[in-house]
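Residue strings, one per chain:
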Amino acid sequence: METKMTLEEHNSRKSKTYKMLLIFGMISILMIFAGLTSAYVVSKSRPDWLSDFELPNAFLMSTIVMILSSATFILALKSIKKANRNLTTIFLITTFLLGVLFVVLQFKGFGQVIDSGYFFTGSESSVTTSFLYIVVLVHMAHLLGGFISLIAVIYNHYKQKYNASQTLGIELSAMYWHFMDFIWVYLFLFFYFFK
């Protein structure tokens, strides 16, 4: 006897499958950063380690901006679930702009490090600043996936593919964005407190 799935059951199963795949991907990304921070801890015993290195202010500002962008993404999801398309648009675009500001502040932070007399590569670099450079760039590379996803969500929202009952694309994109936010907050606190 053949049983047919209802549309609601199909959508529920599809949602669970996509979310599980995303979680597996996020776990693998988490392992990358666990490995990088472990290498950082091991490298602290080197004689050329900079124990007096301070993170630039731009990294603190970028952390605040990233947390705000997660908040606006949450508000976008709540807005679409209430069928408020205009507010959803505003929050999605605000999330994107805050993400761009985050990247700008990251590069400003790099500039502040260089202005302090530290370099990331070359003969004048240190292992401390090289680690910072690599970890931040790896995070931004993964954040690029969040930007691509967010652009796709904004486009699909513009094409009216989301409504109060169909929010899977926004949910998946938000999950990844919040994960990237969590990773950055972890990295910032790690570099700030573990000198």
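Described below are features of the structure shown in this document. For clarity, every value in this text was computed on a predicted model and none was experimentally measured. (Residues numbered from 1 in each chain as written. Predicted model: local features only at pLDDT ≥ 70, side-chain atom pairs only at ≥ 80, totals over all residues. Heavy atoms only, no water.)

1. Things to note about the overall build of the chain
Along its length, the chain carries 5 helices and 0 strands. Secondary structure elements in the chain, listed N-terminal to C-terminal, are α-α-α-α-α. Taken along the three principal axes of its C-alpha coordinates, the chain extends 70 × 40 × 25 Å. Classification of the 195 residues of the chain by burial places 41% in the buried group. Taking the contacts inside the chain whose residues are at least 6 apart along the sequence as the reference set, 83% of them involve residues at least 24 apart. Here the chain contributes 15 positive and 10 negative side-chain charges, whose respective centroids are spaced 12 Å apart. (Helix = DSSP H or I, 4+ residues; strand = E, 2+ residues; numbered from the N terminus. Buried < 20%, exposed > 50% of the residue type's maximum accessible area, 1.4 Å probe, protein only. Contact = heavy atoms within 4.5 Å. Lys, Arg positive; Asp, Glu negative; His and termini not counted. Charge placed at Lys NZ, Arg CZ, Asp CG, Glu CD.)

2. Thoughts on the pattern of salt bridges
Counted under the stated rule, the structure contains 1 salt bridge. Where Lys19 meets Glu171, a salt bridge forms, and the shortest distance between an N and an O atom there is 2.6 Å. Placement of the pair is Lys19 in helix H1 (residues 7–43) and Glu171 in helix H5 (residues 168–193), with a sequence separation of 152 residues. According to the relative accessible area criterion, Glu171 is buried, its value standing at 19%. (Salt bridge = Lys/Arg side-chain N within 4 Å of Asp/Glu carboxyl O.)

3. Here we look at a nonpolar patch on the surface
On the surface, a nonpolar cluster with roughly 700 Å² of combined accessible area is contributed by Tyr18, Met20, Leu21, Ile23, Phe24, Ile27 and Met31. Checked against the element boundaries, Ile27 lands in helix H1. With relative accessibility at 44%, the residue Ile27 sits in the partly exposed group. (Patch = residues over 30% accessible without salt bridge, like charges linked within 9 Å, V, L, I, M, F, W, Y side chains within 5 Å. Areas by Shrake-Rupley, 256 points an atom, 1.4 Å probe, with all protein chains shown as cover.)

4. Some points on the packing of H1 against helix H4 (residues 127–158)
Packing of H1 against H4 leaves a shortest axis separation of 11 Å and a crossing angle of 175°. Put simply, H1 runs roughly antiparallel to H4. Here Ile29, Ile32, Phe33, Leu36, Ala39, Tyr40 and Ser43 of H1 come into contact with H4, specifically with Thr128, Phe131, Ile134, Val135, Val138, His139 and His142. Taken together, the residues that form the contact of H1 with H4 break down as 10 nonpolar, 4 polar and no charged. (Axes fitted to C-alpha atoms, helices over the stretch in contact; angles between N-to-C directions. Parallel < 35°, antiparallel > 145°, perpendicular 65-115°, else oblique. Nonpolar A, V, L, I, M, F, W, Y, C, P; charged D, E, K, R; others polar.)

5. Quick look at H1
Along its 37 residues, H1 runs 54 Å from first to last C-alpha, staying within 8% of the 54 Å computed at 1.5 Å per residue. For H1, every residue scored as buried is listed here: Ser15, Leu22, Met26, Ile29, Phe33, Leu36, Thr37, Tyr40 and Ser43. (Expected span 1.5 Å × (residues − 1).)

6. A closer look at the packing of aromatic side chains
Within the structure shown, the criterion is met by 18 aromatic pairs. Aromatic pair Tyr40 and Phe190: ring centres 5.1 Å apart, planes at 65°, arrangement edge-to-face. One end of the pair, Tyr40, is in helix H1; the other, Phe190, is in helix H5, with 150 residues separating them in the sequence. The same class applies to Tyr40 as to Phe190, namely buried. Pairwise contacts between aromatic rings join Phe59, Phe102, Phe107, Phe110, Phe120, Tyr133 and Trp184 into one cluster. (Phe/Tyr/Trp six-rings, centres within 6.5 Å; stacked < 30°, edge-to-face > 60°.)

7. A few points about the environment of Leu144
Along the chain, Leu144 falls in helix H4. Considered as a pair, Leu144 and Leu97 are 47 residues apart in the sequence and their alpha carbons are 14 Å apart.

8. Re empty space enclosed by the protein
Per the stated rule, a full pass over the model turns up 1 cavity of 30 Å³ or more. Looking at the largest cavity, its volume works out to about 70 Å³. Lining the largest cavity, in full, are Tyr40, Trp49, Leu50, Phe53, Glu54, Leu55, Thr128, Leu132, Phe191, Phe194 and Lys195. Class assignment of the residues belonging to the lining of the largest cavity gives a composition of 8 nonpolar, 1 polar and 2 charged. (1 Å grid on protein atoms, 1.4 Å probe; cavity = no way out; pocket = protein on both sides within 12 Å on 5 of 7 lines; lining within 4 Å. Points joined across faces, edges and corners; volume = space filled by probe spheres on them.)

9. Description of unusual backbone geometry
Residues other than glycine seldom take positive phi values, yet Ala83 does so here, at roughly 60°. Judged by its relative accessible area of 54%, Ala83 falls in the exposed class. You will see that Gln160, though not glycine, has its phi angle at about 60°, which is positive. You can call Gln160 exposed: its relative accessible area is 59%.

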